[in-house]
Amino acid sequence: MEKRVPQILIIYTGGTIGMVKDYKTNALKPFDFENLKTKIPELNLLECSLKTTAFEQPIDSSDMSPDYWITIAEIIELNYKDTDGFVVLTGTDTMSYTASAMSFILENLRKPVIFTGSQLPIGDLRTDAKENLITAIQVASAFENGEPVVQEVGLYFEYKLYRANRTTKVSAEQFEAFQSPNYPNLGESGVHLLFNRQFLKRSKSELPLKIQKNLDANVVILKLFPGIQRGLVEYILNFPDLHGVVLETYGAGNAPTDSWFFEILIKTIQRGIPIVNVTQCISGGVFMGLYETSTRMKSIGVINGKNITTESAVAKLKLMLGLKIPSTEFKQKFETQIRGEMS
Ligand code: ASP
């Protein structure tokens, strides 16, 4: 019997990976993705069948927004039945936000959705784009016993495969631009492409893919810093359309002990606005109650973000607010992991 080759869909949204240099003007411009194989003939060697689709107007990922997240999710939904794996190309700057959001938007996902991009354009002599793209496609087409090896949203970059909602961009310079500080890598590309099987997500649900389109846009990230002013905190947290707050605190979740600060937090929570405590540290997480400075936060009902990244916290908050979860259940639901985003 002839071996069936996996069908892979590449979704190009924009970013450096899809750019080529116009040697007349020296400016970077998006290249025609329809001609992907002429630019990267190595793709002909892959044991899969490739289809491509691109945003009509490719965007820099600084312009990425929840509306674009939904556009990407709808492309995946539309092609889900006939496609074995997806590779999503975006700029690296906000890739962790987009990829984290995708992990929440796509419910009951059983197929690989692999994000990648590059630090240098595809036509550049020293580009990282080719390796990232080729291996991301290989990850998306990896099958074992008739089922995809990866069944979640991943992010592949510079020889490493990560759980997308655990990643953060850590370098604007190095090829190794991403890290997953609080969760082991899902795989590594060396001489062989190896998967860390014990860390891959497996869903018991047999339910069909569902996409959650109602995301609440009215959330804010408030990062604490020494000397933060009362008037400023008051102004931000009293914003009339505010629905949720990601509070970036110090270390294991600590905040100043000033009474004005707590009064504002209490009033915000009383208005039904959830506040999620996440750490500013790159690794580790919130441990409310370890120090006096966080014990109060716990007692007034601040949500424990544990070791979630800021990027994931924003996405999860938008999703849960969009689901209109009652405020009495909100804290407990947020503190429960739903896509392997916290531990
Ligand atoms: N500014 C670009 C973007 O995020 C950088 C990149 O593609 O890596 O779209």
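Structure first, text after, so check above.
The rules behind each value
Residues numbered from 1 in each chain as written. Predicted model: local features only at pLDDT ≥ 70, side-chain atom pairs only at ≥ 80, totals over all residues. Heavy atoms only, no water. Axes fitted to C-alpha atoms, helices over the stretch in contact; angles between N-to-C directions. Helix = DSSP H or I, 4+ residues; strand = E, 2+ residues; numbered from the N terminus. Parallel < 35°, antiparallel > 145°, perpendicular 65-115°, else oblique. Left-handed = near helix turned anticlockwise from the far one by under 90°. Contact = heavy atoms within 4.5 Å. Nonpolar A, V, L, I, M, F, W, Y, C, P; charged D, E, K, R; others polar. Salt bridge = Lys/Arg side-chain N within 4 Å of Asp/Glu carboxyl O. Buried < 20%, exposed > 50% of the residue type's maximum accessible area, 1.4 Å probe, protein only. Near = heavy atom within 4 Å. Polar contact = N/O pair within 3.5 Å; in protein donor to acceptor, adjacent residues only side chain to side chain. Areas by Shrake-Rupley, 256 points an atom, 1.4 Å probe, with all protein chains shown as cover. Patch = residues over 30% accessible without salt bridge, like charges linked within 9 Å, V, L, I, M, F, W, Y side chains within 5 Å. Pairing = 2+ DSSP bridges. Phe/Tyr/Trp six-rings, centres within 6.5 Å; stacked < 30°, edge-to-face > 60°. Lys NZ or Arg CZ within 6 Å of the ring centre and 35° of its normal. Expected span 1.5 Å × (residues − 1).

(A) Representation of the packing of helix α3 (residues 95-105) against helix α8 (residues 310-322) in the model. Running from N to C, α3 and α8 cross one another at 40 degrees; their axes reach a closest spacing of 8 Å. In this view, α3 runs oblique relative to α8, as classed from their interaxial angle. Considering the relative orientation of α3 and α8, their crossing is right-handed. Residues S96, Y97, S100, A101, F104 and I105 of α3 pack against E311, S312, V314, A315, K316 and L319 of α8. Split into classes, the residues belonging to the contact of α3 with α8 amount to seven nonpolar, three polar and two charged.

(B) Molecular detail of the pattern of salt bridges. Under the definition given, this model contains 13 salt bridges. Between R163 and E152 there is a salt bridge, and its shortest N-O distance comes to 2.6 Å. A residue pair is termed long-range when its members are at least 10 positions apart, and R163 in strand β11 (residues 160-163) and E152 in the loop between β9 (147-148) and β10 (153-157) qualify at 11 residues. Note on accessibility: R163 and E152 belong to one class, buried.

(C) Layout of the site of the ligand. Taken together, G15, T16, D60, S61, G91, T92, D93 and S118 are the residues near the ligand. Side-chain polar atom of D93 to a nitrogen atom of the ligand: 2.9 Å apart, as the coordinates give it. Calculation on the ligand without its partners gives an accessible area of 260 Å², and the protein chains cover 87% of this total. The residue makeup of the shell around the ligand, split by class, is no nonpolar, six polar and two charged.

(D) Up close: a nonpolar patch on the surface. Where nonpolar side chains cluster on the molecular surface, the patch consists of F287, L290 and Y291 and spans about 350 Å² of accessible area. Turning to its location among the elements, Y291 is positioned in the loop between β19 (275-279) and α7 (292-299). Overall, Y291 belongs to the partly exposed group, its relative accessible area being 47%.

(E) Structural context of α3. Burial analysis of α3 places 10 of its 11 residues in the buried class, which makes it a mostly covered element. Inspection of α3 places M95, S96, T98, A99, S100, A101, M102, S103, F104 and I105 among the buried residues, and these make up the whole buried set.

(F) Quick peek at the side chain of S171. Looking at the element boundaries, S171 is found in the loop between β12 (168-169) and β13 (178-179). A distance of 2.7 Å separates a polar side-chain atom of S171 from the backbone nitrogen of Q174. Discounting chain neighbours no more than four positions away, the residues touching S171 are Q119, E176 and A177.

(G) Up close: the sheet that holds strand β20 (residues 303-304). Spatially, the four strands line up as an open sheet ordered β17-β18-β19-β20, and their pairing is parallel. Two strands close off the open sheet at either side, each with one partner strand: β17 (219-223) and β20. In the sheet, β19 pairs with β20 via two bridges, with the strands oriented parallel. The residue bridging N277 from the neighbouring strand is N304, located in β20. With respect to the sheet, α8 is in contact with β17, β18 (244-249) and β19, its orientation differing from that of β18 by roughly 160 degrees.

(H) Quick look at the packing of aromatic side chains. Here the structure, examined in full by the defined rule, presents six aromatic pairs. Residues F157 and F178 carry aromatic rings whose centres are separated by 5.0 Å and whose planes lie at 65 degrees to one another, so their mutual orientation is edge-to-face. Of this pair, F157 sits in strand β10 while F178 sits in strand β13, placing them 21 residues apart in sequence. Summarising the burial analysis for this pair, F157 and F178 share the class buried. Ring-pair connections join several aromatic residues into one group, and the members of that group are W260, F261 and F262. Lying across the ring of Y80, K111 places its NZ or CZ 4.6 Å from the centre. When the ring centre of F262 is taken as reference, the NZ or CZ atom of R296 above it lies at 4.4 Å.

(I) Summary view of helix α6 (residues 259-270). Here α6 is 12 residues long and its end C-alpha atoms lie 16 Å apart, about the 16 Å a rise of 1.5 Å per residue gives. Immediately beyond the C-terminal end of α6, within one or two residues, lies G272, with a positive phi of roughly 85 degrees.

(J) Expanded view of the environment of E341. Structurally, E341 is set in the segment after α9 (327-334). When its relative accessible area of 0% is taken as the criterion, E341 is described as buried. C-alpha separation for the pair E341 and Q280, spaced 61 residues apart in sequence, amounts to 17 Å. In this structure E341 touches F104, N165, R166, I308, S312, K316 and T336, once residues within four positions along its chain are discounted.

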